[in-house]
Amino acid sequence: MALRITSLQEYHRLYEQSLRDPDAFWAEVASDFHWQQPWTKVSEGGFARADFRWFSGARLNISENCLDRHLKSFGSRTALIWEPNDPNEINRTFTYRQLYEEVCRCGSMLRQMGIGKGDTVCIYLPMIPELVISVLACARIGAVHSVVFGGFSSQSLADRIRDSQSKLLITADGYFRGNKPVYLKQMADEALEQCTSVKHVLVVNRSNFPIAIHAGRDSYWDQHMAKSSPVCEAESMDAEDPLFILYTSGSTGKPKGLLHTTAGYMVYTGFTFLNVFQYRENEVFWCTADVGWITGHSYVVYGPLLNAATVLIFEGVPQYPTWSRWWEIIDKYQVNILYTAPTAIRSFEAHGDHHLQQASLRTLRVLGSVGEPINEEAWHWYYEKIGKGNCPIVDTWWQTETGGIALSALAGVTPHKPAHVGWPLPGIVPVVMDENGNAVTDTQTEGSLCLARSWPGQARSIYGDHERFIQTYFSRFPGFYFTGDGCRRDAQGYYRITGRIDDVIKVSGHRLGTAELENAINQHPDVVESAVVTLPHPITGESIVAFVVSPDEVTDRNKLEKEVMDLVARTIGPIARPRQVFAVSGLPKTRSGKIMRRILRRLIQGERQDLGDSSTLLNPEIVDEIAKLLEHQPVRTD
Ligand code: PRX
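The rules we used
- Residues numbered from 1 in each chain as written.
- Predicted model: local features only at pLDDT ≥ 70, side-chain atom pairs only at ≥ 80, totals over all residues.
- Heavy atoms only, no water.
- Helix = DSSP H or I, 4+ residues; strand = E, 2+ residues; numbered from the N terminus.
- Rg over C-alpha atoms; globule rule 2.2 N^0.38 Å.
- Buried < 20%, exposed > 50% of the residue type's maximum accessible area, 1.4 Å probe, protein only.
- Contact = heavy atoms within 4.5 Å.
- Areas by Shrake-Rupley, 256 points an atom, 1.4 Å probe, with all protein chains shown as cover.
- Lys, Arg positive; Asp, Glu negative; His and termini not counted.
- Charge placed at Lys NZ, Arg CZ, Asp CG, Glu CD.
- Axes fitted to C-alpha atoms, helices over the stretch in contact; angles between N-to-C directions.
- Parallel < 35°, antiparallel > 145°, perpendicular 65-115°, else oblique.
- Left-handed = near helix turned anticlockwise from the far one by under 90°.
- Nonpolar A, V, L, I, M, F, W, Y, C, P; charged D, E, K, R; others polar.
- Pairing = 2+ DSSP bridges.
- Expected span 1.5 Å × (residues − 1).
- Salt bridge = Lys/Arg side-chain N within 4 Å of Asp/Glu carboxyl O.
- Domains from an automatic or database assignment.
- Buried area = accessible area lost by both parts, 1.4 Å probe.
- Polar contact = N/O pair within 3.5 Å; in protein donor to acceptor, adjacent residues only side chain to side chain.
- Core = buried A, V, L, I, M, F, W, Y, C linked by side-chain atoms within 4.5 Å.
- Near = heavy atom within 4 Å.

Student: Where do I start with the overall build of the protein chain in this structure?
Tutor: What the protein chain contains, in helices and strands, is 18 helices and 30 strands. The globule rule puts the C-alpha radius of gyration for 638 residues at 26 Å, and the 24 Å found for the protein chain is close to it. A principal-axis box enclosing the C-alpha atoms of the protein chain has dimensions of 75 × 65 × 55 Å. Burial analysis of the protein chain (638 residues in total) assigns 61% to the buried set. Excluding contacts between residues fewer than 6 apart, the proportion of contacts in the protein chain whose partners are at least 24 apart in sequence is 71%. Within the structure as shown, the protein chain displays about 24,300 Å² of accessible surface, and the carbon and sulfur contribution to it stands at 48%. Taken as two groups, the 63 positive and 73 negative side-chain charges of the protein chain have centres that lie 2 Å from each other.

Below, the structure is given as structure tokens:
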């Protein structure tokens, strides 16, 4: 029986137990899964060299745990429901048996194409069933999946393929997002011009857009699947064998490939899904995240399927054909649990409650929020208008690095509080650090959020760069994992996330690095240097504002500003497009040449007098110039 926490007392008891004897606690959680061979040690290693390991010696396959294990009792239960972008197109559903068969065929197909244990497969697909099938098929044959969000540019795709040395790419001819066509195969072709590792490209036929087929490299998914074997033995994996690489932005350099391994990730996502959402048999769970992000990995694919849940996936966007679409989907499939991001909630609120008029939403039981802080107003709107005042909200804090939810209420079991993520999950030991690196012991406090102990779902490394992993997460506060977030803790011990305290930004819940944005901008031939800052935004949480320095001879500043926006969208993806660009003659700098983004941030927020400590400012005349410019060309806050 899976370990389910059903009361407040039990939460406190198990939380205590998880601190007192973490190995015993996690061994109990793990006993619910299917192991080909048991572990010899539950946990070992530590943060100093970031060599923590979980369930050493065990052998297993996570796809067996998501599929085979359920066939006997739940083979005819719906595993996956797919709602297409176009509401008039026919949907698709898969029972656990059907999903198992598709995954086996896909696994056989991959093996046939020479992919085996330890090879990396890049998956660049829209939200269609083949995305879930490919992920699970990789896991089945021991290949490492590297899913790249379909909204990323060809350049971002190329960077990820090159870094991960993917051997095979799974993509689609194209698809529609709302009424906008996305030419996915074309972008994949552009990316592959820069990559030598990919030997085969499998193309899912989704849109019938005309595409170029490269003989000897490209072939169609359907043709292979039709002739591939429905029998695909699951590879026996070591507990610490890599399961996937997922790229995410940091404060420096290019996005890094976080590496997750098999057993710990499985135990953690399975446990957190069941307990945070308090999932009940036969309920329909809808996580609106794309599988291209960690939320999609952990709570579209692995967490729910490990619990034999019914998962809904949606290919489209909230506003197509109208802003009522989500509510129609919830009523159509009788969704019980909705898990989404604050940006979506704020967009719905901004577009007016009349879109909800036709919706019943009576099947909803639990609401979830993830990816960015949820403000109180949006929390109340979600609670009242969507939850009708009787669905608990789980505001779940976690990261690509944590693998699964780390701080959150457990729906209906532990209390929820607007704009607060609540208490830690069992096994999670949050510590608030002051600026001197001392752990604050007072309950009520504010500082940098760290975690004091490893948990099974923790990322094990940055692919190909373990030193960077240690440097990024374990060196600032030795002995602790540094999350990069600031937080407050109130008198009841509830945590509230105040946002990133490094150079990572969150726009519509998407994680981007200022360095990555500036690198993209600096590619423009007329840009000498640039600085990216963000402005609070009522819907997207933050919006990107870029300052660019160009040579004196560039006279058409409007043209330059527009080109910079397009360049960023083309280089990284449309999600990274700056809201506004200002061409300036210089940037505020310290005497040692460091850009003072803090001053830019204050200036765009309308501050003119109090710019903070400017004793190290080298060029006050630039600050005056930018202040004047902002008077003529106001910052957009809409
Ligand atoms: O800043 C925190 C924010 O998202 C960051 C992690 O981003 P990513 O790796 O893309 O994963 C997002 C989905 C798990 C965190 O460092 N964040 C995530 N959840 C919350 C949050 N901020 C506030 N409240 C949350 N519930």
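Student: Hey, could you run me through the packing of helix α15 (residues 514-522) against helix α16 (residues 557-571) in this one?
Tutor: When two helices pack together, their arrangement is captured by the angle between the axes and the distance separating the axes. Where α15 contacts α16, the two axes come as close as 9 Å, and the packing angle between them is 120°. For the element pair α15 / α16, the angle class is oblique. Note that α15 runs across α16; the crossing there is right-handed. Counting all contacts with α15, which are made through Leu517, Ala520 and Ile521, the residues of α16 involved are Val564, Leu567, Val568 and Thr571. A class-by-class count of the residues in the contact of α15 with α16 yields 6 nonpolar, 1 polar and no charged.

Student: I tried to follow the sheet that holds strand β25 (residues 495-500) on my own but got confused; where do I start?
Tutor: The strands making up a sheet are joined through hydrogen bonds of the backbone, oriented either antiparallel or parallel. One open sheet accounts for 4 strands, arranged β21-β22-β24-β25; its pairing is antiparallel. On the outer flanks of this sheet lie β21 (430-433) and β25, each paired with one strand and no other. On average, each strand axis in the sheet is inclined to that of its neighbour by 45°, with strand direction left out of account. Direction of pairing for β21 relative to strand β22 (residues 445-451): antiparallel, over a ladder of 4 bridges. Pairing of methionine 433 across the sheet is with serine 448, part of β22.

Student: In this structure, what is going on with helix α5 (residues 129-141)? I would like to understand it.
Tutor: Structurally, the α-helix is built with 3.6 residues per turn, so residues lying three or four positions apart point the same way. Compared with the 18 Å implied by 1.5 Å per residue over 13 residues, the 19 Å span of α5 between its first and last C-alpha is a close match. Summarising burial for α5: 13 of the 13 residues are buried, a large majority. After α5 finishes, the residue glycine 142 shows a positive phi value of roughly 80°.

Student: Would you mind showing me how to read the pattern of salt bridges here?
Tutor: A pair can form between side chains of opposite charge whenever their charged atoms are brought close. By the definition in use, this model includes 38 salt bridges. Aspartate 159 serves as the salt-bridge partner of lysine 254, at 3.6 Å between the closest nitrogen and oxygen. Of this pair, lysine 254 sits in the loop between β14 (242-248) and β15 (256-261) while aspartate 159 is found in helix α6 (residues 154-164), placing the two residues 95 residues apart along the sequence.

Student: Quick question: what am I supposed to make of the pairing of strand β24 (residues 481-489) here?
Tutor: The side chains of a regular strand alternate between the sheet's two faces. Counting buried positions over the 9 residues of β24 gives 8, a clear majority of the element. Where β22 lies against β24, 6 bridges are found, and the strand directions are antiparallel. Bridge pairing links cysteine 450 to phenylalanine 482 in β24. Once β24 ends, the chain turns through 5 residues before running back antiparallel as β25, passing glycine 493 with a positive phi of about 80°.

Student: I would appreciate a short explanation of the domain arrangement of the protein chain in the present structure.
Tutor: How large an interface is tends to be reported as the accessible area lost when its parts come together. Domain assignment breaks the protein chain into domain 1 (56-426) and domain 2 (504-632). Measuring from the centre of the C-alpha atoms in domain 1 to the corresponding centre in domain 2 gives 34 Å. Taken residue by residue, the interface counts 24 residues in domain 1 and 21 residues in domain 2. Buried area between domain 1 and domain 2, both sides added, is near 1,600 Å², and the carbon and sulfur share of it is 52%. Taken together, the connections running from domain 1 to domain 2 amount to 1 salt bridge. At the boundary of domain 1 with domain 2, the tally comes to 13 residue pairs in polar contact (both at pLDDT 80 or more). Counting residues per element, the ones that place at least two in the side of domain 1 that touches domain 2 are α6 and α12 (342-351). The biggest single contributor to the side of domain 1 that touches domain 2 is α12, with 4 residues.

Student: Honestly, the nonpolar core in this entry has me stumped. Any pointers?
Tutor: Within soluble globular proteins, side chains that are nonpolar tend to cluster in buried spots. Counting 165 residues, the largest nonpolar core has Phe55, Phe277 and Tyr302 as its most contacted members. When residues are assigned to domains, this core turns out to be shared by domain 1 (56-426) and domain 2 (504-632), each giving three or more. Phenylalanine 55 has contacts with Trp26, Ala30, Trp35, Trp39, Lys41, Val42, Ala239, Ala263, Gly264, Val267 and Pro456, leaving out every residue within four places of it along the chain.

Student: I would appreciate a short explanation of the site of the ligand in the present structure.
Tutor: In the region of the ligand, 18 residues are neighbours, and Thr396, Thr400, Asp485, Arg500 and Arg511 sit closest. Contact between the ligand and aspartate 485: an oxygen atom at 2.6 Å from a side-chain N or O atom of the residue. At 2.8 Å from an oxygen atom of the ligand is found a side-chain nitrogen or oxygen belonging to lysine 506. Surface burial for the ligand is 95%, taken as the share of its 540 Å² of free accessible area covered by protein chains.

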